[in-house]
Amino acid sequence: MAGIKTFSFPVRIYFEDTDSGGVVYHANYLKFMERARTEWLRSVDIDQHHLKHHDHIMFVVHRIDIQYKLPARFNDDLIVKSELKDIGSSKIEFRQMIYRDNEMLIDASVDIACIDSEKFKPVRIPSTVKEIMESL
């Protein structure tokens, strides 16, 4: 199912996602963005389990620049939008935004590194994976 440069992933906020102030705990937004990137990879038939166990690579977060604009609260329905910005030889750049209706709550830039799953050193993104991403 290729052709998805921008991917949207729905998230509902549960009580367990909130802090004592009743708003989403700041670290949980990172979890929501991680889930959205994982689901995006699945939607373009990139299997991270296969990559780790057969190709011996993993995608890991290298850098995040995040701006918290507005809080989400219990029972909110959110959309995590992930935009593929650039693909290098061993790095993928995303912009991820979290919305409630038309209000942007979170705006983040996320750099993902491709690493050897045993040595934890940067490696090139496999050509088959890079071709799929570049074709979007």
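Before reading on, note that the structure itself is shown above.
Note that the coordinates shown come from a computational prediction; the quantities given were computed from them, not determined experimentally.

Among the structural elements, Ser-43 can be located in helix 1 (residues 26-43). Only 2.6 Å separates the side chain of Ser-43 from the backbone oxygen of Trp-40, close enough to count as a polar contact.

Quick look at a nonpolar patch on the surface now. A contiguous nonpolar patch, built from Leu-30, Val-61, Ile-64 and Tyr-68 and spanning about 300 Å² of accessible area, is present on the exposed surface. With 3 residues, strand 2 (residues 57-68) is the largest single contributor of residues to the nonpolar patch.

Attention now moves to the nonpolar core. Among the nonpolar cores identified, the biggest contains 33 residues, and Phe-32, Phe-59, Val-80, Ile-92, Ile-98 and Met-133 are the most heavily contacted of them. Setting aside residues no more than four positions away along its own chain, Ile-98 makes contact with Tyr-29, Phe-32, Met-33, Leu-78, Ile-79, Val-80, Glu-103, Met-104, Leu-105 and Ile-106.

This part is about empty space enclosed by the protein. Scanning the model with the defined rule gives 1 cavity of 30 Å³ or more in all. Estimates place the volume of the largest cavity at around 110 Å³. Taken together, Glu-34, Arg-37, Thr-38, Trp-40, Leu-41, Gln-48, Phe-59, Val-61, Ile-92, Phe-94, Ile-112 and Met-133 make up the lining of the largest cavity. Taken together, the elements giving at least two residues each to the lining of the largest cavity come down to helix 1, strand 2 and strand 4 (91-100). The element best represented in the lining of the largest cavity is helix 1, accounting for 5 residues. Here the residues of the lining of the largest cavity sort into 8 nonpolar, 2 polar and 2 charged.

For Asp-45, which is not glycine, the phi torsion reads 60° and is therefore positive. Along the polypeptide, Asp-45 turns up in the loop between helix 1 and helix 2 (48-55). Even without a glycine there, the phi angle at Asp-101 is positive, about 55°. Note that Asp-101 resides in the loop between strand 4 and strand 5 (103-116).

Rules and cut-offs
Residues numbered from 1 in each chain as written. Predicted model: local features only at pLDDT ≥ 70, side-chain atom pairs only at ≥ 80, totals over all residues. Heavy atoms only, no water. Helix = DSSP H or I, 4+ residues; strand = E, 2+ residues; numbered from the N terminus. Polar contact = N/O pair within 3.5 Å; in protein donor to acceptor, adjacent residues only side chain to side chain. Patch = residues over 30% accessible without salt bridge, like charges linked within 9 Å, V, L, I, M, F, W, Y side chains within 5 Å. Areas by Shrake-Rupley, 256 points an atom, 1.4 Å probe, with all protein chains shown as cover. Salt bridge = Lys/Arg side-chain N within 4 Å of Asp/Glu carboxyl O. Core = buried A, V, L, I, M, F, W, Y, C linked by side-chain atoms within 4.5 Å. Buried < 20%, exposed > 50% of the residue type's maximum accessible area, 1.4 Å probe, protein only. Contact = heavy atoms within 4.5 Å. 1 Å grid on protein atoms, 1.4 Å probe; cavity = no way out; pocket = protein on both sides within 12 Å on 5 of 7 lines; lining within 4 Å. Points joined across faces, edges and corners; volume = space filled by probe spheres on them. Nonpolar A, V, L, I, M, F, W, Y, C, P; charged D, E, K, R; others polar.

Geometric descriptors of this kind do not, in isolation, establish any biological role.
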